Amino acid sequence: MAVTKVQMPKLSEAMESGKIIKWLKKEGDPIQSGDILAEVETDKADVEMEAFGNGILRKILVAAGEKAAVGTLIGVIADANDDIAGVVGQATPAPPPAAAAPAASSEESRRPAAVPPHPRREDHAERSPSPSRGPEAPARPVAPAPMAGRPQPAPAPVVGAGGDGGGRVKASPLARKIAAQSGVDLKLVQGSGPGGRIVRRDVEAVGSAPAATPSAAAPQRAAPQPGVEFEDVALTSMRAAIAKRMPLSKAPVPHFYVTSEIAMDAAWELREQLNGLEGQSKISVNDLVVRACALALLQHPGINASFQGESIRVFHRVHMGIAVALEEGLITPVLRDAHAKSLAQIAGESRDLAERARQRKLRTQELSGATFSISNLGMFDVADFSAIINPPEGAILAVGSVRKVPVVTESGLGVGRRMAVTLSCDHRVMDGAMGARFLQDVKRLLEEPLRLLV
Amino acid sequence: MATHAFDVVVVGTGPGGYVAAIRASQLGLSVGVVEDDRPGGVCLNWGCIPTKALLRNAEVVQLFERAETFGITVQGLQVDYAAAVKRSRGVADRMAKGVEFLFKKNKITLFPGTGALKSRTTVEVNGASGTDTLEARRAVVLATGSEPKSLPGVTIDEKRVISSNGAVRNEAKPKSIVIIGAGAVGVEFADVYRAYGVEVTILEALDRVVPIEDQEISAQLARNLSRRGIQIKTGVKVSAVTPGGAGVVVETDGGKLEAEQVLMAVGRAARIKGVGIEALGIAMDRGFVKASPTMETSVKGVYAIGDVAGPPLLAHKAMAEGVVAAEAIAGKQPRPVDYGNVPSCTYCRPQVASIGLTEAKAREGGREVSVGKFPFTANGKAVALAETDGFVKVVADKKTGEILGAHIIGPEATEVIHEFAVGRTLEATLEELMHTIHAHPTLSEAALEATLAALGHAIHI
């Protein structure tokens, strides 16, 4: 008798809508919980959508190629003889109410529009005539939802079952359970309860952001026509996400910048040697930088830290965000526990992450939880640049090209390989000297690169 | 005729109005209040408080009647209903004086008379000593409350056909009474009258007594009331109430009934007449003033709280709204009232208290629900008190352990309910309640056991 609503799942914390790339099941197909129903394109990746109920796919409400806001009913799974007219009838094409609308309608706004990454499962039952007044009858005001797309800084990773590890996330028991069951990372949820406590509505609000981003279609380059001075190119969903998130970093986070020049001769040589070894996977300059930063961050936990309003959260582990440039924007997959990984592991995993980023095949959990990020434009022959911090991280390292430059040696003038790095720092978390000392260590590790191997 | 200016003018001093006034004063605002009766409104004067005094009398009478249970022999027991009403009036007077004292303490100026909005910022007060004009610099709060409703074509004369207003005042009790409506008001007066020997018949249009409560609660209460000789007829439609017979004849689709009096307990309607709501064009919703989550009406600067602002018509909901309105007016950002978490209490014996969803409502959504029940017969304290009727029932979400609802019928149910209210406010789940050590022996242990039962492992049953 169970009727399962299939809703557009929330697959990343910034996701507001998704496009059905294709349905892998068609109307009338028998469905088992866990079956892959469809492929969904989000702003970050293409993701497979699982079924959370048994029965028959009775109805597809959003066709392949169409877009739907998170939480929108996109299909119905039910037994052959179930009446699904009521469920289908409820489906409104309008997106769920804006997260900030304080007086959204009663029932829907209280429930999870969708609990990511699982679509909401709800059995449909005939409503009996309700008594004259139920305690839950009137429309209830809904407290303002937290800002969408403003993730909470990530605390130390979870240790053990149900625990919250070193960095405590303040959350109600119910919020914890719902988050655990629906795959929401509490570290990414902004709490709206007393003292920033995460309560149920915050976890649920993660799935009720409005659909504001226009079509994800890649911009079509029309040949310039004479007399036409400009053209308006629709934002891709990734571009829209970047446009929305970056001002949330640049404006509220007081950035300052520390630049250092690193002699890369020894590192270059080491890399050549390593890459010359048989069976050794290729190691890039960036892998060396990742390894150096991960090791240095362990020594400088003040940089591996996040501003929390009333406190600074210092992370004991390094989750390294590695910016990957794509045609339509950029994406920052996260290399987890980078501090505990060898150079070879870093090289292998980074390549895998970058490749899958380009194919947009990253999993949700690979896109969140970084404690520090690296953005490398070296391959574009960039001398030096500065990056915008990706909140809630406290710092990001911008890495330029390794260039051959004239250097003064003991014997006179010579040629050396130099690389400029610029650390963007959140001044609320750290000061210039802290940033400088961290860079000193990064520099030392790269200039004496054997340290990267131990 | 004089004009007075205040930051806030509150019309009505029931539990919504007086709380709003005090909270506004605490936040540094000057406050004038208007009241056409005694401060405290229906709650303190004619509702919650005096009826609780009458119910206590009924309880004492019942204890004397079963004194044998405790090995106590009572001879020549005399009960005086007029004395019970007098005591109840004394209790109400004392509480109303308490509100007057609180007004003085908080430097709130009371204007006796009828208040009417003349503009968004002006309230005219017509009192015994003339007319006053109150200017509100920041906001007007409408807290005019509600009044008993009747059935179409039936006039409440407070003699033969009475409302709770008459019932709480009349020192003479009828020989027999038909109570129309088996909600909280109906069953509470049924309890009082029956304790004092009145022949009581309750008529309810819906299929059970206290129809907003969980079905099992209704069933248990119906058993208890019937056992005490109260006639209950549910699913009955009243077509006419006319004078005749022993006093009044009540015609229903199930036949005629006669009684000395009829008590109308079919609900309450917002008091909006003469308040100036239409003239200002304040939006209404199903007979009540429409208010935002911060209790502001459709007219900027005019707030509405309590019964006039819609269901549930409960004093504690009004108080909560009063606080929200006062804080919003003072420029704070109050947390809106959570209407899904308002306890509902009925003070008949056994008492009934509930919060959240009934089992049926919880299942309507189609979610998987776990239910735990624990009877007071298995609770040591209840047995010692010889008050073993009733049970605690917990309705939880099977997946998360969220406490969807709690339903209690039994001794001090209206006190025991609050652990569920606090639990729900904190978003505790069954597990947190389970890990909360409950003192032994207490009635509240039944709440713990019901929680354990919902988790599948009650100890004491």
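Residues numbered from 1 in each chain as written. Chains lettered and ligands numbered in written order. Predicted model: local features only at pLDDT ≥ 70, side-chain atom pairs only at ≥ 80, totals over all residues. Heavy atoms only, no water.

Participant: Explanation requested: the overall build of chain A in the structure shown.
Facilitator: Helix and strand counts for chain A stand at nine helices and 18 strands. For chain A, buried positions account for 51% of its 454 residues. Residue pairs at least 24 apart in sequence account for 65% of intrachain contacts in chain A once pairs closer than 6 positions are excluded. (Helix = DSSP H or I, 4+ residues; strand = E, 2+ residues; numbered from the N terminus. Buried < 20%, exposed > 50% of the residue type's maximum accessible area, 1.4 Å probe, protein only. Contact = heavy atoms within 4.5 Å.)

Participant: Teacher, can you tell me more about the overall build of chain B here?
Facilitator: Looking only at helices and strands, one finds 15 helices and 24 strands in chain B. In chain B, once contacts between residues fewer than 6 apart in sequence are set aside, the share between residues at least 24 apart is 63%. For chain B, the accessible surface area stands at approximately 19,300 Å², while carbon and sulfur atoms represent 53% of it. (Areas by Shrake-Rupley, 256 points an atom, 1.4 Å probe, with all protein chains shown as cover.)

Participant: What's the story with unusual backbone geometry in this structure? I'm lost.
Facilitator: Across residues other than glycine, the phi torsion is negative in most instances, and most of the peptide bonds are trans. Residue Pro392(A) is bonded to the preceding Pro391(A) through a cis peptide linkage, with omega at 5°. Among the structural elements, Pro392(A) can be located in the loop between strand S16 (372-376) and strand S17 (395-409). With an omega of -5°, the peptide bond between His440(B) and Pro441(B) qualifies as cis. Here Pro441(B) shows up in the loop between helix H14 (430-434) and helix H15 (445-455).

Participant: Looking at this structure, I do not really get the packing of helix H7 (residues 285-299) of chain A against helix H8 (residues 343-358) of chain A. What am I missing?
Facilitator: When two helices pack together, you describe them by how their axes are tilted relative to each other and by the distance separating the axes. Residue and element names in this part refer to chain A. Between H7 and H8, whose axes approach to 9 Å, the crossing angle comes to 120°. Viewed along their axes, H7 and H8 adopt a mutual orientation that is oblique. The two elements H7 and H8 cross, and the hand of that crossing is right-handed. Touching Asp287, Leu288, Val290 and Arg291 of H7 are Leu343, Ile346, Ala347 and Ser350, all from H8. Taken together, the residues of the contact of H7 with H8 break down into five nonpolar, one polar and two charged. (Axes fitted to C-alpha atoms, helices over the stretch in contact; angles between N-to-C directions. Parallel < 35°, antiparallel > 145°, perpendicular 65-115°, else oblique. Left-handed = near helix turned anticlockwise from the far one by under 90°. Nonpolar A, V, L, I, M, F, W, Y, C, P; charged D, E, K, R; others polar.)

Participant: Any chance you could explain helix H1 (residues 15-26) of chain B here in plain terms?
Facilitator: Count 3.6 residues to each turn of an α-helix, and residues three or four apart come out pointing the same way. All names here are of chain B. For H1, with 12 residues, the first-to-last C-alpha span of 16 Å sits near the 16 Å given by 1.5 Å per residue. Burial analysis of H1 places 10 of its 12 residues in the buried class, the great majority of the element. Turning to H1, its buried residues are Pro15, Gly16, Gly17, Tyr18, Val19, Ala20, Ala21, Ile22, Ala24 and Ser25. The secondary structure elements touched by the buried residues of H1 are strand S1 (2-11), strand S2 (31-35), helix H2 (41-45), helix H4 (81-105), strand S3 (108-112) and helix H9 (315-329). Positive phi shows up at glycine 28, right after H1, with a value of about 90°. (Expected span 1.5 Å × (residues − 1).)

Participant: Looking at this structure, how should I read the packing of aromatic side chains?
Facilitator: Two aromatic rings, taken as a pair, are described by how far apart their centres are and by the angle between their planes. Overall, the coordinates contain five aromatic pairs over all chains when judged by the stated rule. Where Phe372(A) meets Phe438(A), the ring centres are 5.7 Å apart and the plane angle is 65°; that geometry is what we call edge-to-face. One end of the pair, Phe372(A), is in strand S16; the other, Phe438(A), is in helix H9 (residues 432-447), with 66 residues separating them in the sequence. In this structure, Phe372(A) and Phe438(A) share a single accessibility class: buried. The ring of Trp46(B) carries Arg169(B) above its face, with NZ or CZ at 3.7 Å from the centroid. The lysine or arginine in question, Lys373(B), covers the ring of Phe391(B), its NZ or CZ lying 4.5 Å from the ring centre. (Phe/Tyr/Trp six-rings, centres within 6.5 Å; stacked < 30°, edge-to-face > 60°. Lys NZ or Arg CZ within 6 Å of the ring centre and 35° of its normal.)

Participant: Honestly, the pairing of strand S4 (residues 36-41) of chain A in this entry has me stumped. Any pointers?
Facilitator: Across a regular strand the side chains alternate sides, sitting on one face of the sheet and then on the other. All names here are of chain A. Here S4 lies mainly inside the structure; five of its six residues are buried. Relative to strand S5 (residues 46-50), S4 runs antiparallel, the two sharing five bridges. Along S5, the bridge assignment pairs alanine 38 with methionine 49. (Pairing = 2+ DSSP bridges.)

Participant: Just to check I follow, could you spell out the sheet that holds strand S9 (residues 255-263) of chain A for this structure?
Facilitator: The strands making up a sheet associate through backbone hydrogen bonding, with each pair oriented either parallel or antiparallel. Residue and element names in this part refer to chain A. If you walk across this open sheet you meet the six strands as S9-S18-S17-S16-S12-S15, and the pairing is mixed. Each of the sheet's edge strands pairs with one partner strand only, and the pair in question is S9 and strand S15 (334-335). In terms of strand pairing, S16 meets S17 through four bridges, oriented parallel. Within the sheet, the bridge partner assigned to asparagine 376 lies in S17 and is valine 399. Sheet strands in contact with H9 are S9, S16, S17 and strand S18 (412-426), and its direction is about 25° off that of S9.

Participant: Whenever I open this one, the confidence of the model for chain A confuses me. Can you help?
Facilitator: It should be kept in mind that the predicted coordinates are not to be read in detail where pLDDT is low. Averaged over every residue, the pLDDT of chain A is 76; the share at 70 or more is 76%. Contacts for the low-pLDDT stretch residues 92-166 of chain A, under 50 throughout, to residues beyond four places or in other chains number 161 contacts. (pLDDT = per-residue confidence, 0-100.)

Participant: In this structure, what is going on with the sheet that holds strand S8 (residues 161-162) of chain B? I would like to understand it.
Facilitator: Residues and elements named next belong to chain B. Reading across from one edge, S8-S15-S9-S10-S11 is the order of the five strands in this open sheet, with parallel pairing throughout. The open sheet has two edge strands with one neighbour each: S8 and strand S11 (231-234). Two elements, strand S9 (residues 176-180) and strand S15 (residues 261-264), share four bridges in a ladder whose sense is parallel. Paired with isoleucine 177 across the two strands is glutamine 261, which belongs to S15. Relative to strand S10 (residues 199-204), helix H6 (residues 184-195) is tilted by about 170°, and along the sheet it contacts S8, S9, S10 and S15.

Participant: Explain the side chain of Thr133(B) here, please?
Facilitator: All names here are of chain B. Among the secondary structure elements, threonine 133 is positioned in strand S6 (residues 130-142). The exposure class of threonine 133 is buried, given its relative accessible area of 11%. Those residues in contact with threonine 133 that lie beyond four places of it in its chain are Met1, Ala2, Thr3, His4, Thr122 and Val123.

Participant: What exactly am I supposed to notice about the pattern of salt bridges here?
Facilitator: Two side chains with opposite charge may pair up if their charged atoms get near one another. Applying the stated criterion to the full structure yields 38 salt bridges over all chains. The shortest N-O distance in the salt bridge between Arg200(A) and Glu204(A) comes to 3.7 Å. Linking Arg200(A) with Glu204(A), this pair stays in helix H4 (residues 200-205), spanning four residues, or about one helical turn. Comparing Arg200(A) with Glu204(A) shows no difference in burial state: the two are buried. Taking the shortest distance from any N to any O, the salt bridge between Asp389(B) and Arg227(B) comes out at 3.4 Å. Of this pair, Asp389(B) sits in the loop between helix H11 (380-385) and strand S23 (391-397) while Arg227(B) sits in helix H7 (residues 215-227), placing them 162 residues apart in sequence. (Salt bridge = Lys/Arg side-chain N within 4 Å of Asp/Glu carboxyl O.)

Participant: What is the right way to look at the side chain of Ser146(B) in this model?
Facilitator: Residue and element names in this part refer to chain B. Positionally, serine 146 belongs in strand S7 (residues 146-148). Here the side chain of serine 146 touches arginine 268 through a polar contact of 2.8 Å, side chain to side chain. Among the polar contacts listed, one links the side chain of serine 146 to the side chain of aspartate 307, at a separation of 2.7 Å. Contact partners of serine 146, with chain neighbours within four places excluded, come to Val42, Arg268, Ala269, Ala270, Arg271, Asp307 and Leu313. (Polar contact = N/O pair within 3.5 Å; in protein donor to acceptor, adjacent residues only side chain to side chain.)

Participant: What exactly am I supposed to notice about the nonpolar core here?
Facilitator: Among soluble globular proteins, nonpolar side chains are generally buried collectively. The biggest cluster of nonpolar side chains holds 57 residues, and the ones touching the most others in it are Met320(A), Phe372(A), Leu397(A), Phe438(A) and Leu446(A). It is H7(A) that provides the largest number of residues to this core, a total of 10 residues. One finds Val125(B), Ala143(B), Met295(B) and Ala325(B) within the second-largest nonpolar core, a separate group that totals 53 residues. (Core = buried A, V, L, I, M, F, W, Y, C linked by side-chain atoms within 4.5 Å.)

Participant: What should I look at first to understand the pairing of strand S8 (residues 73-78) of chain A in this one?
Facilitator: All names here are of chain A. Of all six residues making up S8, six are buried, and the element is well covered by its neighbours. The pairing of strand S1 (residues 3-7) with S8 spans five bridges and is antiparallel. Residue threonine 4 lies in a different strand from S8, and its bridge partner there is isoleucine 77. Pairing of strand S6 (residues 55-60) with S8 involves four bridges; the strand directions are antiparallel. Bridging from a neighbouring strand, lysine 59 pairs with valine 76 of S8.

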